[in-house]
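Overview (structure and organization)
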Amino acid sequence: MRLAPHLGDLAGPRQHRVLEVWLQEPRAGPQPPQLIVCDAHPGYVSQRLANDALTSWSRQAAGPERVRLVPVQHHRAHGLAVAAEHGLPLPLLVWAWDGLGYAPGQDTGHQLWGGELLRLNSLGSTRPAAERLAALRPFPLPGGERAMREPCRVALGLLAALEDGRWLDHPAAQCCREAFAEAELPLLLAALRAGCQAPQTSSVGRLFDGVASLLGACQRQSHEGQAGLLLEGLARRAQAQRRSQAQRRAEGQRKANSRRAGGSPLLPLLPAPDLPLGWLDWQPLLRHLLEQRSQGVDAARLSLAVHQALADAMAAAAAAAAPPGAPLALAGGCFQNALLLELCAAAARSAGLRPFWSEQVPCNDGGLALGQLWAVCEWPS
């Protein structure tokens, strides 16, 4: 099997042309392909090109059998890519964390996922191919796709959703507020209140963007993942400082940073509609971050606290869904963050689970094709 280089955003004309050329290659063979597999998002360029190829290749197909198009849900493909690389059998527990991906046919009020605990089942199972067990609590993205490029918009959505906007005027939210033009902010808040152009998402990648804005690290991105990379850099700096201290003091600081006073987790798992385990509630984490920042706590220490809180919450939820010793796939573009991967793997092992992640194949969308292929490997020939 040969994976083509990852082209990135296919909306760009150069990437679009390259993919169109690649799609001509199978037509040069003696027989056209029997299956075309693509992402399930109806608005992606890749699905439009897949439909074009379906029409073209179907004309070449001999006999009554036509070429079939098989859409595969984004996060299922991320998890299956890890399963394929490591030879992991299904059912398999997967934490899929990324910028966001489309989840068709959902009745949970939002279709933009990115922080899901899934159980992937085989096609021969009586259960769904991907069972959603837990997720990050959804929050709005003001301006929709534009919020993916502007972390300040994500932060605004988080603040507006936190206790009905009571924290919008908090001193620690000033850097977010100042990122907007004077006339822009009230318009965005009005749109949020009306639910206009503010789709809900459960994306961990977007949560990182919002935190980066509130910590003053990034308000607008020049490239995808920039805010997350800056947060990782801040956390690495705090980690290096902590390692220079005595081990006992360092461990005490980690626990203090990743938990509230009284030992409560910063990302508790709370009951939620249609989720067997519930959702990871980001609200205590955001309150803690704002309170600590207003008291002068260094942004690097708070970034490390966010990383550790996510890792601890991830492991606790996964342990509630699987027996000791069970494999756990860590999938999606957020795990390009080496520190997040390191902390999540360590937390999973401490919880008695066996973590796996992409090592030879990209963990971001560059590895989706492997997962999409794996999704149809069980199909009858």
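Residues numbered from 1 in each chain as written. Predicted model: local features only at pLDDT ≥ 70, side-chain atom pairs only at ≥ 80, totals over all residues. Heavy atoms only, no water.

Brief notes about the overall build of the protein
For the protein, the count of helices and strands is 13 helices and eleven strands. In the protein, buried positions account for 53% of the 381 residues. Contacts spanning at least 24 positions in sequence make up 71% of the contacts within the protein whose residues lie at least 6 apart. Of the roughly 17,600 Å² that the protein leaves accessible, carbon and sulfur atoms contribute 52%. (Helix = DSSP H or I, 4+ residues; strand = E, 2+ residues; numbered from the N terminus. Buried < 20%, exposed > 50% of the residue type's maximum accessible area, 1.4 Å probe, protein only. Contact = heavy atoms within 4.5 Å. Areas by Shrake-Rupley, 256 points an atom, 1.4 Å probe, with all protein chains shown as cover.)

Let's talk about the nonpolar core
Core analysis: the largest hydrophobic core is formed by 84 residues, its most contacted members being Trp95 and Trp97. It is helix 11 (residues 299–321) that provides the largest number of residues to this core, a total of 14 residues. Core analysis: the next-biggest nonpolar cluster, separate from the first, contains 20 residues, Val70, Val72, Val82 and Phe356 among them. (Core = buried A, V, L, I, M, F, W, Y, C linked by side-chain atoms within 4.5 Å.)

Considerations on the pairing of strand 4 (residues 112–120)
Across the nine residues that make up strand 4, a large majority, eight, are buried. In the sheet, strand 3 (residues 92–102) pairs with strand 4 via eight bridges, with the strands oriented antiparallel. The residue bridging Trp97 from the neighbouring strand is Gly115, located in strand 4. Two strands pair when backbone bridges link them, and strand 4 and strand 5 (residues 130–136) are joined in this way by five bridges, in the antiparallel orientation. Considered in strand 5, the bridge of Arg119 is made with Glu131. (Pairing = 2+ DSSP bridges.)

Description of the side chain of Arg287
Among the structural elements, Arg287 can be located in helix 10 (residues 283–294). Engagement of the side chain of Arg287 in a polar contact is seen with the side chain of Glu163, the distance being 3.0 Å. With sequence-adjacent residues up to four places away left out, Arg287 is seen in contact with Leu162, Glu163 and Trp167. (Polar contact = N/O pair within 3.5 Å; in protein donor to acceptor, adjacent residues only side chain to side chain.)

Observations regarding the packing of helix 10 against helix 11
Two elements in contact, helix 10 and helix 11, have axes separated by 10 Å at closest approach and are oriented at 165°. Comparing the axis directions of helix 10 and helix 11 gives the class roughly antiparallel. Between helix 10 and helix 11 lies a crossing of right-handed hand. Touching Leu285, Leu289, Gln292 and Arg293 of helix 10 are Ala299, Leu302, Val306 and Ala309, all from helix 11. Within the contact of helix 10 with helix 11, the residues separate by chemical class into six nonpolar, one polar and one charged. (Axes fitted to C-alpha atoms, helices over the stretch in contact; angles between N-to-C directions. Parallel < 35°, antiparallel > 145°, perpendicular 65-115°, else oblique. Left-handed = near helix turned anticlockwise from the far one by under 90°. Nonpolar A, V, L, I, M, F, W, Y, C, P; charged D, E, K, R; others polar.)

Regarding the packing of aromatic side chains
By the definition in use, this model includes three aromatic pairs. Between the aromatic rings of Phe139 and Trp282, the centroid separation amounts to 6.0 Å while the plane-to-plane angle is 85°, which identifies the pairing as edge-to-face. Here Trp282 lies in the loop between strand 9 (275–280) and helix 10 and Phe139 lies in strand 6 (residues 139–140), a separation of 143 residues in the sequence. Each member of the pair, Phe139 as well as Trp282, is classed as buried. (Phe/Tyr/Trp six-rings, centres within 6.5 Å; stacked < 30°, edge-to-face > 60°.)

Here's the deal with the pairing of strand 8 (residues 269–272)
Bridging between strand 8 and strand 9 involves three bridges; their strand directions are antiparallel. Its bridge partner being in strand 9, Leu269 is matched across the sheet by Leu280.

Brief notes about the pattern of salt bridges
Across all of its chains, the model carries 14 salt bridges by this definition. Here Arg153 makes a salt bridge to Glu184, at a shortest N to O gap of 3.3 Å. Placement of Arg153 in helix 4 (residues 151–161) and of Glu184 in helix 6 (residues 184–194) is noted, with a sequence separation of 31 residues between them. When sorted by exposure, Arg153 lands in the same class as Glu184, which is buried. Sharing partners across several salt bridges, the network here consists of Arg146, Glu150, Arg153, Glu184 and Arg220. (Salt bridge = Lys/Arg side-chain N within 4 Å of Asp/Glu carboxyl O.)

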